[in-house]
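# Structural description and commentary
Here is what each chain is made of, one letter per residue.
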Amino acid sequence: MTTLPALDVLFSQRHSCRAFRPDQVPRAVIEDIIRCAQKIPSWCNAQPWQVTMFGGKATDMLRDALKEAVETASAAPDLQFPERYSGDYKARRHACGWALYEAVGVTRGDRAASHRQMMRNFDLFDAPHCAILTSPKELGPYGALDCGGFIAGFTLAATAAGVATIAQAAVATYAPMLHAVCGIPEDRNILCALSFGYADTDHPANQFRTERAELEEFISWRD
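A short tour of the structure in this document, coming up. Fair warning: this is a prediction, and the values are worked out from it, not measured in the lab.

## A short note on the overall build of the protein
Tallying secondary structure elements over the protein gives 7 helices and 4 strands in all. Ordered by position from the N terminus, the helices and strands of the protein form the series α-α-β-α-α-α-β-α-β-α-β. Compactness check: the protein gives a C-alpha radius of gyration of 18 Å against a globular reference of 17 Å for 223 residues, within 12% of the reference. The C-alpha extent of the protein, read off along each of the three principal axes, is 55 × 45 × 40 Å.

See below:
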């Protein structure tokens, strides 16, 4: 990296945190992170993202509601989840999953242990804060695309502030419950959760990092 060393370091430091300390992030820090994240580009400067922010006891309430939904409700995301992962996408997904399982001591074939780890998603990995991100249904895929930029901006700004994050599509599985609990209008799509706080750096779940594809795997040059 010859021209963007500081930015490359920031990108390299960002990772999906799967174990948090209970300490609350000061409101001023959260607001600074959001102000930074909202500088990302969006189509026609529409800025379609809206955020429902949880902290303190409200985060615990959301955790309880999510775990109840897993036990009692059917999956019903606002946006269709991927039909399948195939080829390189499947390989990368499996590599990430098995790296996590190896880090936390889940062995192949141990379905009970893998289920417990999956359920950590709905504990929000003990994060003290959670943001539910939504986009207007009328803007369709491009509204969601703009919100993907907001996710990148949020996670990077948080990293710069010393705050750990994880974007969680799993939480959006139970969209009807989230609409009700969060008071989110039906004309908005629930996209994901952003759980965040200060990382438990000693936890085994935070001891691995994912890799990125080589450029030739996804670039076709036309000179």
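## A closer look at a nonpolar patch on the surface
Together, Leu4, Leu7 and Phe11 line one region of the surface with nonpolar side chains, adding up to about 290 Å² of accessible area. Taking relative accessible area as the criterion, Leu7 reaches 43% and is therefore assigned partly exposed.

## A few points about the packing of helix α3 (residues 57–72) against helix α7 (residues 175–182)
Helices that pack against each other are described as a pair by the angle of their axes relative to one another and the distance between those axes. Viewed as axis vectors pointing N to C, α3 and α7 meet at an angle of 150 degrees, and their least axial separation amounts to 10 Å. With respect to their mutual orientation, α3 and α7 come out roughly antiparallel. Regarding α3 and α7, the two cross each other, and that crossing is right-handed. Judged by residue contacts, Met61, Leu62, Ala65, Leu66 and Ala69 of α3 engage Met177, Leu178 and Val181 from α7.

## Things to note about the layout of surface pockets
Estimated volume of the second largest pocket: approximately 210 Å³. If you trace the second largest pocket, you find 13 residues lining it, with Gln13, His15, Val163, Ala164 and Ala199 closest to the centre. Its residues assigned to classes, the lining of the second largest pocket comprises 4 nonpolar, 7 polar and 2 charged.

## Quick word on the sheet that holds strand β2 (residues 129–136)
With antiparallel pairing, the 4 strands of this open sheet are ordered in space as β1-β2-β4-β3. Each edge of the sheet is formed by a strand with only one pairing partner; in this case those strands are β1 (50–55) and β3 (164–168). Going across the sheet, the axis of each strand differs from the next one's by a mean of 20 degrees, ignoring polarity. Two strands pair when backbone bridges link them, and β3 and strand β4 (residues 188–197) are joined in this way by 5 bridges, in the antiparallel orientation. Across the sheet, Ile166 pairs through a bridge with Ser195, a residue of β4. In this fold α3 packs onto β1 and β2, with an angle of close to 105 degrees to the strand it touches most, β1. Relative to the sheet, α7 contacts β1, β2 and β4, its axis offset from that of β4 by approximately 75 degrees.

The rules behind each value
- Residues numbered from 1 in each chain as written.
- Predicted model: local features only at pLDDT ≥ 70, side-chain atom pairs only at ≥ 80, totals over all residues.
- Heavy atoms only, no water.
- Helix = DSSP H or I, 4+ residues; strand = E, 2+ residues; numbered from the N terminus.
- Rg over C-alpha atoms; globule rule 2.2 N^0.38 Å.
- Patch = residues over 30% accessible without salt bridge, like charges linked within 9 Å, V, L, I, M, F, W, Y side chains within 5 Å.
- Areas by Shrake-Rupley, 256 points an atom, 1.4 Å probe, with all protein chains shown as cover.
- Salt bridge = Lys/Arg side-chain N within 4 Å of Asp/Glu carboxyl O.
- Buried < 20%, exposed > 50% of the residue type's maximum accessible area, 1.4 Å probe, protein only.
- Axes fitted to C-alpha atoms, helices over the stretch in contact; angles between N-to-C directions.
- Parallel < 35°, antiparallel > 145°, perpendicular 65-115°, else oblique.
- Left-handed = near helix turned anticlockwise from the far one by under 90°.
- Contact = heavy atoms within 4.5 Å.
- 1 Å grid on protein atoms, 1.4 Å probe; cavity = no way out; pocket = protein on both sides within 12 Å on 5 of 7 lines; lining within 4 Å.
- Points joined across faces, edges and corners; volume = space filled by probe spheres on them.
- Nonpolar A, V, L, I, M, F, W, Y, C, P; charged D, E, K, R; others polar.
- Pairing = 2+ DSSP bridges.

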